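What follows is the residue order along each chain.
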Amino acid sequence: MRLILLGPPGAGKGTQAQRLVEKYGIPQLSTGDMLRAAVKAETPVGLKAKAVMDAGELVSDAIVNAIVAERIDQADCAGGFILDGYPRTLAQADAVESMLAERDLGLDAVIELVVDDRALVGRIVKRAEEAAAAGQPVRKDDNPTVFEERLREYYKKTAPLIGYYYAKGMLKGVDGMDDIDGVTRQIEDLLSGSERKVAART
Ligand code: AMP
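Nothing here was measured: the structure is a model prediction, and the numbers come from that model. (Residues numbered from 1 in each chain as written. Predicted model: local features only at pLDDT ≥ 70, side-chain atom pairs only at ≥ 80, totals over all residues. Heavy atoms only, no water.)

**Observations regarding the site of the ligand**
Stage number 1. Neighbouring residues of the ligand: 16 residues in total, closest Thr31, Arg36, Glu57, Gly85 and Gln92.
Stage number 2. At 2.7 Å from a nitrogen atom of the ligand is found a side-chain nitrogen or oxygen belonging to threonine 31.
Stage number 3. Between the ligand and glycine 85 there is a distance of 2.9 Å, counted from a nitrogen atom to a backbone nitrogen or oxygen.
Stage number 4. When the free accessible area of the ligand is taken as 480 Å², the share hidden by the protein chains comes to 96%. (Near = heavy atom within 4 Å. Polar contact = N/O pair within 3.5 Å; in protein donor to acceptor, adjacent residues only side chain to side chain. Areas by Shrake-Rupley, 256 points an atom, 1.4 Å probe, with all protein chains shown as cover.)

As structure tokens, this is what we get:
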């Protein structure tokens, strides 16, 4: 199964992706995690991406497309994968389509987590507090000021993908304001074809 999880920062894409990893035994490909690893390791990509990420802006399409193209050829992706935080621009959406077509593969679904923006800043602040309490590093971009920029980037560059995938008949919406288990159930239901509760855009 090959899925895309779409939604603004703080919508719960990472949390839901981890649950899908357990259920379907396919890896979560989070470009955010991959870029953070590159920043930490101070690779050439990491050095280029760091300031852009800290500012809440998007890293260039060329960089992320190359990271994903390399990652999907690894053995653990043979049975499928969950794209979390990628694609984030129309150019990336075109790139992933070509990448998959070149490999004779396709996407099974694009799942949009439909959320109320007003709840998102609170979620991000909570994520930062929980990471700090657990002694984990706190993401530099998980603060209200950078979050505003991340949300602006989302609306400018990523939200157009909702129309893009809707027009292709691939978009499935779930109510991302439900609790974590509820969102997981909605996703599982729509993947098994028995939608129980589906949000507006389906
Ligand atoms: P995330 O963990 O998905 O919230 O991503 C954290 C940051 O990494 C974003 O704010 C961007 O700076 C960068 N990033 C992650 N994925 C992408 C992508 N697909 N395209 C461009 N930049 C990305």
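**Notes on the layout of surface pockets**
Where empty space is left can be seen by rolling a probe of water-molecule size over the atoms.
Stage number 1. Counted as a void, the second largest pocket has a volume near 500 Å³.
Stage number 2. Arg36, Pro137, Val138, Arg139 and Lys140 are, among the 16 residues lining the second largest pocket, the residues nearest its centre.
Stage number 3. Breaking the lining of the second largest pocket down by element, the ones donating at least two residues are helix H2 (31–40), helix H3 (44–54) and helix H6 (117–133).
Stage number 4. Examining the composition of the lining of the second largest pocket, we find that 4 residues originate from one element, H2, more than from any other.
Stage number 5. Residue composition of the lining of the second largest pocket, grouped by class: 6 nonpolar, 1 polar and 9 charged. (1 Å grid on protein atoms, 1.4 Å probe; cavity = no way out; pocket = protein on both sides within 12 Å on 5 of 7 lines; lining within 4 Å. Points joined across faces, edges and corners; volume = space filled by probe spheres on them. Helix = DSSP H or I, 4+ residues; strand = E, 2+ residues; numbered from the N terminus. Nonpolar A, V, L, I, M, F, W, Y, C, P; charged D, E, K, R; others polar.)

**Concerning helix H4 (residues 61–71)**
Stage number 1. Taken together, the buried positions of H4 are Ile63, Val64, Asn65, Ile67, Val68 and Arg71.
Stage number 2. Taken together, the buried residues of H4 touch strand E2 (28–30), H2, H3, strand E3 (81–84) and helix H5 (90–102). (Buried < 20%, exposed > 50% of the residue type's maximum accessible area, 1.4 Å probe, protein only. Contact = heavy atoms within 4.5 Å.)

**A closer look at unusual backbone geometry**
Stage number 1. Cis rather than trans, the peptide bond between tyrosine 86 and proline 87 has omega equal to -5°.
Stage number 2. Looking at the secondary structure, you find proline 87 in the loop between E3 and H5.

**Details of the environment of proline 8**
Stage number 1. Relative to the elements of secondary structure, proline 8 occurs in the loop between strand E1 (2–6) and helix H1 (13–24).
Stage number 2. Residue classification places proline 8 among the buried residues on the basis of a relative accessible area of 4%.
Stage number 3. What proline 8 contacts, discounting residues up to four positions off in sequence, is Lys13, Leu113, Val115, Leu120, Leu151 and Tyr154.

Read these as layout, nothing more, since geometry by itself doesn't imply function.
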